[in-house]
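Reading the structure
Residue strings, one per chain:
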Amino acid sequence: MRWSLVTAIAPVAWGSAYLVTHQFLPADYPLYGAVIRALPAGLLLLAACRRLPRRSWWWRSVVLGTLNMGAFFALVYLAAQKLPTSVAATIMATAPVAMMLVAWAVLAERPRLAALLGAGVGIAGVCLMVLTRSATVDAVGVLASVGAMTMSSFGYVLAKRWGGQVDLLASTSWQLIAGAVMLVPLAVAVEGAPPALPVPAVTAFGYLTVVATALAFAAWFAGLRHLSAGTVGLIGLLNPVTGVLLGTTLAAETLTAQQSAGLVLVLAGILIGHPAARSLAAGWRLRRAGLARDDDAG
């Protein structure tokens, strides 16, 4: 349960990132947005661990940094500008199934029936939240979200396969720095000069860098080291829940009865598929049965 709670920090922080990006950051700079978010976070973690990559970790950092941070941040930034906060966050909730399938292929980590069932219930909840008449669904935004989900699912499974060999903070910092460095030439070529940032945007980037990037990714990769990929993916369903709740409470987005039902299904999917939740439920049933036997004996 402890590692599940640690892992949950990441999707909650990422769910808040949609609102922050949509409300406070410039809309036309997804590449620079990704660089400004990833590079300071990577340098912050590198200063904390003071370790450089060795041997194969130079190219592994580039691969993981591109999949998990560089291209991922750019696509998420674009999606956050093209879609309502709730829609952008919920599309990412299909990641549990993608992570289970990739983990099955790469790690021979066979998905459990309960995890698949939980993911299915969660995705049904996602569909209820996304497929509403009031939601404006931009095709480019949807493609960006789907691309980010697919790439990161593969990258997370690779990080689980390789990550046990090195320090957690070190590998996270290398990925963030490599992902940012890979994006800099593309940002200069496509977006020109970096954007001028007003004080609210600087503050927003500070939050994204420290909380939604450095802290969140350290928590996420810690979860991947101690939990199955399927379990981590299910915990990731807290991302859309956070995005929707923040969108409705802070951004005045409307939460319909259909979306409320979808939220309930997402939470139910996490409980169904999470082994700790099933263990607690089994313990509660055993306790009830023991109490009933004591009453009969008395």
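Counting restarts for each chain: residues are numbered from 1 in the order of the written sequence. Side-chain atom pairs in this predicted model are given and counted only at pLDDT of 80 or more, local residue features only at pLDDT of at least 70, and totals for whole chains, interfaces and linings cover all residues. Where side-chain values are given, they derive from all heavy atoms of the structure, hydrogens and water being excluded.

Right, let's talk about the overall build of the protein chain for a bit. Helix and strand labels come from DSSP, where a helix needs a run of H or I of at least four residues and a strand needs a run of E of at least two; each type is numbered from the N terminus. When helices and strands are tallied, the protein chain shows 13 helices and zero strands. In sequence order, the secondary structure elements of the protein chain are arranged as α-α-α-α-α-α-α-α-α-α-α-α-α. Burial classes: relative accessible area under 20% of the type maximum marks a residue as buried, over 50% as exposed, and values in between as partly exposed (1.4 Å probe, protein chains only). Taken over 298 residues, the protein chain has a buried fraction of 51%. Note on contacts: a residue pair qualifies if any of its non-hydrogen atoms lie within 4.5 Å across the two residues. A separation of at least 24 residues holds for 91% of the contacts in the protein chain among residues at least 6 apart in sequence. The accessible surface values rely on the Shrake-Rupley method and a 1.4 Å probe; as for residues, cover is taken only from the protein chains in view. Surface exposure of the protein chain reaches about 13,500 Å², of which carbon and sulfur atoms provide 69%.

Take the confidence of the model for the protein chain next. Mean pLDDT over the protein chain stands at 80; residues scoring 70 or higher make up 85%. Low confidence marks residues 280-284, where pLDDT is under 50. Its contacts with residues over four positions away, or in another chain, come to one contact. Confidence of the predictor at the level of single residues is given by pLDDT, which spans 0 to 100.

Attention now moves to helix α11 (residues 238-250). In this scheme, a helix's expected span is set at 1.5 Å multiplied by one less than its residue total. Counted at 1.5 Å a residue, the expected span for α11 with its 13 residues is 18 Å, and the 18 Å between its end C-alpha atoms agrees. Where α11 is concerned, the buried positions are N239, P240, V241, T242, G243, V244 and G247.

To continue, consider the side chain of S61. Looking at the element boundaries, S61 is found in helix α3 (residues 57-82). You can call S61 buried: its relative accessible area is 3%. Excluding anything up to four places from it in sequence, S61 contacts P53, W174, Q175 and A178.

Only the six-membered ring of Trp is used, alongside the rings of Phe and Tyr, when aromatic pairs are assigned; centres must lie within 6.5 Å, and planes under 30 degrees apart are stacked while those over 60 apart are edge-to-face, with the rest tilted. In the structure shown here, the tally under the stated rule is eight aromatic pairs. Members of the aromatic cluster, each reached through a chain of ring pairs, are W14, Y156, F217, W220 and F221. To sit over a ring, a charge needs its Lys NZ or Arg CZ within 6 Å of the ring centre and within 35 degrees of the ring normal. Cation over ring: R60 sits above W57, and NZ or CZ is 5.8 Å from the ring centre.

Note that V211 resides in helix α9 (residues 199-226). Among all residues touching V211, those that are not within four sequence positions of it are A13 and A216.

Below, the discussion takes up the environment of P26. When you line up the elements, P26 lands in the loop between α1 (2-24) and α2 (30-49). A relative accessible area of 23% places P26 in the partly exposed class. Considering only alpha carbons, one finds P26 and P198, 172 residues apart in sequence, at a separation of 9.7 Å. In this structure P26 touches Y77, Q81, P195 and L197, once residues within four positions along its chain are discounted.

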